[in-house]
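# Architecture at a glance
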Amino acid sequence: MPMPTVVVINGVLGVTFAIFTLIFLVRIVLTWYPQIDLTQGLWKVIYWLSEPVLAPTRRLVPPLGGVDISPVIWVGIVTLLRELLVGQQGLLLILFPPA
């Protein structure tokens, strides 16, 4: 794979992981405000992007003490994937080192 392609893939993955981390962090904050309707306004986009992965996680890991921890789990997963794939010692840099 030529170096520019690796740089583009690295950048796209990095931005994608950052966006999903931000989305899950917003969902964590929104759990503190249960009166907010997630199907209205800007929250609808956050809900639409995050709910497909949060719903199955909730079935596997039920709320603890009434608190939904599925967004916390996904922040950890996305952060781990980002570090493994595009971090300073990520797989992309190991497999395709700069020339």
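These notes cover the structure that comes with them. Just so you know, these numbers come straight off a predicted model, no measurement behind them.

## Some remarks on a nonpolar patch on the surface
Residues Leu42, Val45, Trp48 and Leu49 make up a contiguous nonpolar surface patch of about 440 Å² in total accessible area. With respect to the helices and strands, Trp48 occurs in helix 2 (residues 43-60).

## Topic: helix 2
Spanning 18 residues, helix 2 covers 24 Å between terminal C-alpha atoms, matching the ideal 26 Å at 1.5 Å per step. Taken as a whole, helix 2 carries its principal kink of about 55° at Glu51; the proline Pro52 stands between one and four residues after it. Among all positions in helix 2, only Ile46, Ser50, Glu51, Leu54 and Thr57 are buried.

## Remarks on the nonpolar core
In this structure, Phe17, Phe24, Ile28, Leu54, Val75, Val78, Val86 and Leu92 together form the largest nonpolar core, which totals eight residues. Those elements that provide at least two residues to this core are helix 1 (3-30) and helix 3 (70-86).

The rules behind these values
- Residues numbered from 1 in each chain as written.
- Predicted model: local features only at pLDDT ≥ 70, side-chain atom pairs only at ≥ 80, totals over all residues.
- Heavy atoms only, no water.
- Patch = residues over 30% accessible without salt bridge, like charges linked within 9 Å, V, L, I, M, F, W, Y side chains within 5 Å.
- Areas by Shrake-Rupley, 256 points an atom, 1.4 Å probe, with all protein chains shown as cover.
- Salt bridge = Lys/Arg side-chain N within 4 Å of Asp/Glu carboxyl O.
- Helix = DSSP H or I, 4+ residues; strand = E, 2+ residues; numbered from the N terminus.
- Expected span 1.5 Å × (residues − 1).
- Bend = angle between axes of the 7 residues up to and from the residue.
- Buried < 20%, exposed > 50% of the residue type's maximum accessible area, 1.4 Å probe, protein only.
- Core = buried A, V, L, I, M, F, W, Y, C linked by side-chain atoms within 4.5 Å.

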